Amino acid sequence: MKDSCRKKNSSQKRSRVSEGLPEPLPKTMEIIDSHTCGEPTRIVISGWPLPPGDSMLERREYLRANNDRLRQAVVCEPRGHNAIVGGLLTPPVCDDSVAGIIFFNDVGYLSMCGHGLIGLVETLKFMGKARGDNVRIDTPAGTVSAKIEQDRRVTLANVPAYLYKEDIVINVPQLGEIQGDVAYGGNWFFLVNSSVGELSLSNLDNLLMSAKAIRQAIADSGMTGPNGEIIDHIEFYAEPTVPDANSRNFVLCPGNAYDRSPCGTGTSAKMACLYAKGRLKPGQKWVQESITGSVFEGWVEEQGDCLIPFIRAGANVVSRATLYFDPKDIFCWGIE
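Calculation rules
Counting restarts for each chain: residues are numbered from 1 in the order of the written sequence. Whole-chain, interface and lining totals are the exception, using all residues; otherwise, since this is a predicted model, local features are given only for residues with pLDDT of at least 70 and side-chain atom pairs are given and counted only at 80 or more. Side-chain metrics rest on all non-hydrogen atoms present in the structure, leaving aside hydrogens and water. Strands are runs of DSSP state E lasting at least 2 residues, helices are runs of H or I lasting at least 4, and numbering of each runs from the N terminus. Values of the radius of gyration come from C-alpha atoms, whereas the globule rule sets the reference at 2.2 Å times the count of residues to the power 0.38. Note on areas: Shrake-Rupley, 1.4 Å probe, and residue coverage restricted to the protein chains presented here. This count recognises Lys and Arg as positive and Asp and Glu as negative, with His and chain-terminal groups excluded. Charged groups are reduced to one reference atom each: NZ for lysine, CZ for arginine, CG for aspartic acid, CD for glutamic acid. Side-chain atoms within 4.5 Å are what join buried Ala, Val, Leu, Ile, Met, Phe, Trp, Tyr and Cys residues into a set we call a nonpolar core. Partly exposed residues are those whose accessible area sits between 20% and 50% of the maximum for their type, while under 20% is buried and over 50% is exposed, using a 1.4 Å probe and protein chains only. Expected span of a helix, by definition, is 1.5 Å for each gap between consecutive residues, and there is one gap fewer than residues. A 3.5 Å cut-off defines polar contacts: any pair of N or O atoms within that distance qualifies, except that in protein one atom must be a possible hydrogen donor and the other a possible acceptor, and neighbouring residues in sequence count only when both atoms are side-chain atoms. Contacts between residues were defined by any pair of non-hydrogen atoms, one from each residue, lying within 4.5 Å. Whenever Lys or Arg places a side-chain nitrogen within 4 Å of a carboxyl oxygen from Asp or Glu, that contact is recorded as a salt bridge. Pairing of aromatic side chains requires ring centres within 6.5 Å, counting the rings of Phe and Tyr and the six-membered ring of Trp. Pairs whose planes differ by under 30 degrees are stacked, by over 60 edge-to-face, and all others tilted. A positively charged side chain is recorded as over a ring if its NZ (Lys) or CZ (Arg) lies within 6 Å of the ring centre. The angle to the ring normal must also be within 35 degrees.

## Observations concerning the overall build of the protein chain
Next up, step 1: Scanning the protein chain for helices and strands turns up five helices and 16 strands.
Next up, step 2: Against the globule reference of 20 Å for 336 residues, the protein chain gives a C-alpha radius of gyration of 19 Å, in line with a compact fold.
Next up, step 3: Total accessible area on the protein chain stands at roughly 14,800 Å², and carbon and sulfur atoms take up 48% of it.
Next up, step 4: The averaged location of the 40 negative side-chain charges in the protein chain is 6 Å from the averaged location of its 35 positive side-chain charges.

This is how it looks when you write it as structure tokens:
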């Protein structure tokens, strides 16, 4: 996505690491936890040293190279678990944005996170930092906007989404030939068109095994996004079980966790596929059900050469806490 925002003047100090000095370790961090349709988000609001960089992508890559153990410490056991998506709240990089965010999980970093962005907006409201009806937030994938609705829901205008490759066949040793589409919705997805069994929590072990096998087969085949991006999300879908929904899905996130919500970037990728195949018109409502029965409402709009997905859902703040870091604790930096 081309970055067209007006950049703030950067007066950040260069990091101690870039000068060959060790980064000071935090003793505490302040966090706010929320969930969006069942999927948890943990936002770090203070205590984490601000990463340098004039873009959110630069800041994310700095964290990956220099502060990755802080990611592990925040979301991995014993403080977290593999379903938590974390987010580091930073100052924005664009003049008209209210904040920047870097999303991460138990195995690495995300370009964008739909449920996490909705959770972040609810967190900003809780903190008194989301004033008015519309907010813009900078992410490594680009700047996104969100509208705060009267019914306590949030409508997210995501980054552009598109179908990249259609009807790709992958040979999966445990499953045979699996057909699917490769699409981008803020993260990279392989949306499986083949049946892999019932999409229900009672079949969770089989779904996880199948999705991991497909993801490994994709990696072994060398298939990537157009610029070598790893296709690290696997999405199954089937007939819905709740009234008015169009589809039910199961999404394997990077690592071993499945999405408890319908997945914002996954729903965006799904709608991009439907649009490309002539099965979803601009402005036409799409209701996506998750494996847990929660739903996102979505639609797409054409903006120039881009297809913009919209996701509407609600989030709830569930706790505010202080994390403590004791260097004498053998699991101070998490279990990964």
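## Let's talk about the nonpolar core
Next up, step 1: Residues L117, I137, F190, I214, I234, F236 and F250 are the most contacted members of the largest nonpolar core, which totals 66 residues.
Next up, step 2: Counting residues in each nonpolar core, the second largest holds 24 residues, with Y62, V74, V93 and F104 among its members.

## So, helix α3 (residues 114-127)
Next up, step 1: Here α3 is 14 residues long and its end C-alpha atoms lie 20 Å apart, about the 20 Å a rise of 1.5 Å per residue gives.
Next up, step 2: The element α3 is largely enclosed, with a buried count of eleven among its 14 residues.
Next up, step 3: By the burial criterion, the buried members of α3 are G114, H115, G116, L117, I118, G119, L120, V121, E122, T123 and L124.
Next up, step 4: Just downstream of α3, G128 is the residue with a positive phi angle, here 80 degrees.

## Structural notes on the side chain of R248
Next up, step 1: Here R248 is to be found in strand β13 (residues 247-252).
Next up, step 2: We classify R248 as buried; its relative accessible area is 9%.
Next up, step 3: Here the side chain of R248 touches E289 through a polar contact of 2.4 Å, side chain to side chain.
Next up, step 4: Reaching out from R248, the side chain makes a polar contact with the backbone oxygen of S290 at a distance of 3.3 Å.

## Side note on the environment of K125
Next up, step 1: Within the element layout of this structure, K125 appears in helix α3.
Next up, step 2: What makes K125 partly exposed here is its relative accessible area of 27%.
Next up, step 3: Once residues lying within four places of it in the same chain are set aside, the contact partners of K125 are A130, I148 and R152.
Next up, step 4: There is a polar contact of 3.2 Å between the side chain of K125 and the side chain of E122.

## Examining the pattern of salt bridges
Where charged atoms of side chains with opposite charge meet at close range, the side chains can pair.
Next up, step 1: The final tally for this structure, using the stated rule, is twelve salt bridges.
Next up, step 2: Taking the shortest distance from any N to any O, the salt bridge between R312 and E149 comes out at 3.4 Å. Residue R312 is found in strand β16 (residues 306-324), and its partner E149 is found in the loop between β7 (142-148) and β8 (153-157); the two are separated by 163 residues along the sequence. For the pair R312 and E149, one class covers both residues: buried.
Next up, step 3: Members of the salt-bridge network, linked through shared partners, are R60, E61 and R64.

## Regarding the packing of aromatic side chains
Next up, step 1: Tallied over the full model, the rule gives ten aromatic pairs.
Next up, step 2: Geometrically, the ring pair formed by Y162 and W188 is edge-to-face, given 5.8 Å between the ring centres and 85 degrees between the ring planes. With Y162 in strand β9 (residues 162-172) and W188 in strand β11 (residues 188-192), this pair connects stretches of sequence that are 26 residues apart.
Next up, step 3: Taking the relative accessible area as the measure of exposure, W188 reaches 6% and is therefore buried.
Next up, step 4: Taken together, the aromatic side chains of Y162, Y164, Y184 and W188 make up a single cluster linked through ring pairs.
Next up, step 5: The ring of Y258 has R260 sitting right over it, with the charged end atom 3.9 Å from the ring centre.
Next up, step 6: Taking the ring centre of Y237 as reference, the NZ or CZ of K270 above it sits at 3.1 Å.

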